[in-house]
Structure formats: structure tokens, C-alpha cells
Amino acid sequence: MPRAVPSWSWRPHLAGAASDPLFLRLVAAVVADVRSGRLEPGQALPGTRSVARDLGINRNTVVAAWRELTSQGWIEARPGGHTRVAPVPASLEPVTRRAAQAGFDAPTRPRLDYGPHWGPSVLPLSGGRPDLSHLPVRELARAWRSAVDHTRGRILGYGDPQGHPRLRAALTSWLAAERGLRIEANDLLVTRGSQQAFDLVARALFRPGDRVGVEEYGYPLAWAAFTQAGAELVPLTVDDQGLCLDSLDQALAAGPLRAIYLTPHHQYPTMVTLPVSRRLAVLDRARAHRFAVLEDDYDNEFHFEGRPVPPMATLDDAGVVIYISTLSKTLAPGLRVGLITAAPPVPEHLVQLRVVADRQGDLATEYALAMLVEDGTLPRHLRRMRRLYASRQQHLVTELRTHLSERLAFEVPSGGLALWARDRNDDADAWVARGEELGVGVETGRRFHRSRAASPWLRLGFASLDSSQLTEAVQRLERASQ
């Protein structure tokens, strides 16, 4: 355990990712020093001017950090203007001391990346953002009120943690008609979006040290759920057809896999579709090596050329696939509705975990969504949005080929809400930073790689912007490239 340093010689070592706001990095530095014992309870801290001078930063940044630390209870102001480290609560003292003595320090896992948060002046060329202006708001509000009125408010009480039976029945029929999934309502669990689904599956399946194969590039928030459960992530290579079987074989040769996580319909973030031959080969290996296949089918409806390839779950005759999907792209992320379906007894086990963490979902919203599925509102909305998004994809493709053909190389995917493009100059991060200054937001491949290494790739979303906004966004990106 590090020994406390005298107040006069203490200097913070900025922690956290370089992309984090500076005041939060300073907060993380102080917290780490308190937890490690480098700063002790009651110890005086240098003044904000002194800290700012030593670090070469603005004093207002230090003041903001001190304010945040005070609100969290790490430091406290004493009479006379002195700021000191707050006393460690007695109930926590032995735990923090024993952890420090055992060699544990502040958490070493990277901060979760929820994606960029651009201001209103920035046009977001960001994948995965549906256009909420076309949401059937009146129909949804009417259905929600009908749900409450029809049940005389009972829908707002405790209910089925597996999801409202009416929505599970409606989704079962919808999945059969739209995706070819033949399941029973009891095999389906309604979740608060796909993220809760990842968390439940991870807690049900994984134990510390379990090896889980993940696509790289891939989806960071799914990885986060797996690592929180103690899983060791094993990178699986992705090419222009999706998961590489050689990479999977190499991972299996190195040791058993508990599961692999795939986005076969539109690989996230590259947008390629895994061919049926590879899907069957993956299922064969899953049966032979006894690992689960976590299939994330996050945007099945948005396929613009012909019918979408059916989910891997439709090919599964051995019960190895756990199928996860969401209505976040179909309707709206804020509704927080997702689903899991798997062979028994997996759903029952997931329900028990869900009760502990969340008790149940929003049954009134679930009831209302069931009504929208049953009366055809949801299918009609999907048909409209599929046509709209297809036209926006084509518009973005035309604009990029007109203005940035010498800078960007890309293939047009058969569906999805984004393009995956390569910067021919291999300078994507700097280009995107200049673009944000000019009012256009783009995500680079860095965000989707576990190492967070520099990447020549960009993910260009188009669903949330109309044609004129897409044109303006590309023109801003063109100016940023000059």
C-alpha cells in the first residue's frame, strides 16, 4: 500500500482517457490517490491556484473538479478556506484498506464509451440513430392511454417480469412472420433494450476467466457487459464477409470458448452480411465444441435489397443460439424495449436474474406496443421507414461520390443505417476532429476496436438526417478535408 505523501509535495497525476474532460481526469486522479492511500482522510489539499499552476491548466478546471469531488463526498471544505480529504466511512474503511494491502488500486477497466454527444449545431453522421420525427407518436400515446384505461390503472402495478404476455404473444407472431423464427411466447423475455439483454446473458453464462469470442471491429457496450461478468474477450477477425472461420478455429485451438458474440445480419460496425455457408459452419463448431452463439440482430428490418437473410437462430437445431434483438432502431431508443429468445431452460434462468436487477419492465409501454403490432401500426411504420432510409442511403452515397470520391473508399451495404468507409489518407481521427469544428460529427474506427488504436475507418450514419442535411454534412466534411 502506498504511503501518504505530505500535502506540500502532493501533485495529482491525471488519470482517465485523454479524450475525457480535463476536470474529470483530475477528479479520477484524486479519487485514485485517496483509494490507494497516497492521500489520507483529513489531509489538506493544495489550493486550486497552486494545483492549476503546477498542472498548467485553468483554475476554473480545478474548481470544477473540486466541486465534483465535494458532491461525491471525497473531499470537504473546512472553516478557514481549507479543503481536506473527507473521512472514509467506517463501514468502508476496512474494505478499502484490505484491498489496498492486497495490491488492488482504482479500477483498471477502461471507462465505458457511450458514443459521442454532439451539440445541436453539429450534424450527426452517426450510425444507429433513427429519425424520431417520423415516430407514430399519436398512435403510441393513444395506445398507452388505452392500456392504462383498459386495465383501470392496474397495468402500472407489479406484473410479469418476463414481459407483458400480450406483447410476448405479439412479438412471437411478428418474429415468425418477419424473421422466420418459430418460438413459443414462454421462450421469449422482454428486456429494457438490448443492453439489458447483454447484461442478463453475461451474468447467466459467464464466470471469471471464461473465454468469449467477439468480432473485432465490434460493439463496445456488449463487450463491457461481458467483461463486467469476468469474461476474457478473444478477438475474432472480420473480413468483407463477416466473421473469419480461420480466426474462430485459432481461438478454439488456444482453448475452449464459453460463447461467441456475433452481429451476422449487418456486422457492427462494418455492415457486411455473414453468408449462409459461414453461418452453418459456425453452428457446426458450436455444436462440436459446446459453446453458445449470441446472435445480436439489431436492425433486421432495414434491408433494402430483397429479403434479409434469416437469423442464425432459424438454422439452429441444437439449441446453441441465444437470440437478442431490439426495437431501438425500429421505433425509438428511449422506449427501452428489447428481447431475448433461447431454448429452455435459459429464459427461465434469465427471468430470475432480471427480477433481482430490475423486477420488471415498463408494462404499460409493453401493452401499448403490443396493440401497435396487432393493429398493423408497427408494420406500416416499418415499411415507411425502410423506404425513407433506403432513399437517404442512396442520397449519402451520391453526395460522397460527388464530393469525396478521392478521399473515401466504401462499398454500399444491402441495408442498415450506416456506411463503413476507409480514409485513403489514413488520417481519419484528425479529419473527424476538424469536421467537428466545422459542425459535422462522425465516428472513427477507433471507437469500435478494443485497443482504441488509430484507425483509417469511418462509420457514416444517414438515418437521422434529411436530404438537405446530408448534403450540408458532406460539404462540411469536404471542407474539413482540405
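We now turn to the structure provided with this report. (Residues numbered from 1 in each chain as written. Predicted model: local features only at pLDDT ≥ 70, side-chain atom pairs only at ≥ 80, totals over all residues. Heavy atoms only, no water.)

**Thoughts on the pattern of salt bridges**
Enumeration according to the criterion identifies 22 salt bridges in this entry. Here arginine 422 and aspartate 426 are joined by a salt bridge, their closest N and O atoms 3.4 Å apart. Assessed through its relative accessible area of 33%, arginine 422 is described here as partly exposed. Taken together, the shared-partner salt bridges in this structure form one network comprising Arg179, Asp297 and Glu301. (Salt bridge = Lys/Arg side-chain N within 4 Å of Asp/Glu carboxyl O. Buried < 20%, exposed > 50% of the residue type's maximum accessible area, 1.4 Å probe, protein only.)

**Examining the pairing of strand E11 (residues 338–341)**
Because side chains alternate across E11, one face comprises the buried residues Gly338 and Ile340, and the other comprises Leu339 and Thr341, equally buried. Here strand E4 (residues 188–191) pairs with E11 via four bridges, running antiparallel. Each bridged residue has a counterpart across the sheet, and for valine 190 the counterpart in E11 is leucine 339. Of the strand pairs in this sheet, strand E10 (residues 321–326) and E11 are connected by four bridges, and their pairing is antiparallel. Opposite serine 325, over in E11, you have leucine 339 as the bridge partner. (Helix = DSSP H or I, 4+ residues; strand = E, 2+ residues; numbered from the N terminus. Pairing = 2+ DSSP bridges.)

**Observations regarding the side chain of threonine 61**
Position of threonine 61 relative to the elements: it lies in helix H3 (residues 59–72). The contact partners of threonine 61, leaving out residues within four places of it in the chain, are Leu22 and Phe23. (Contact = heavy atoms within 4.5 Å.)

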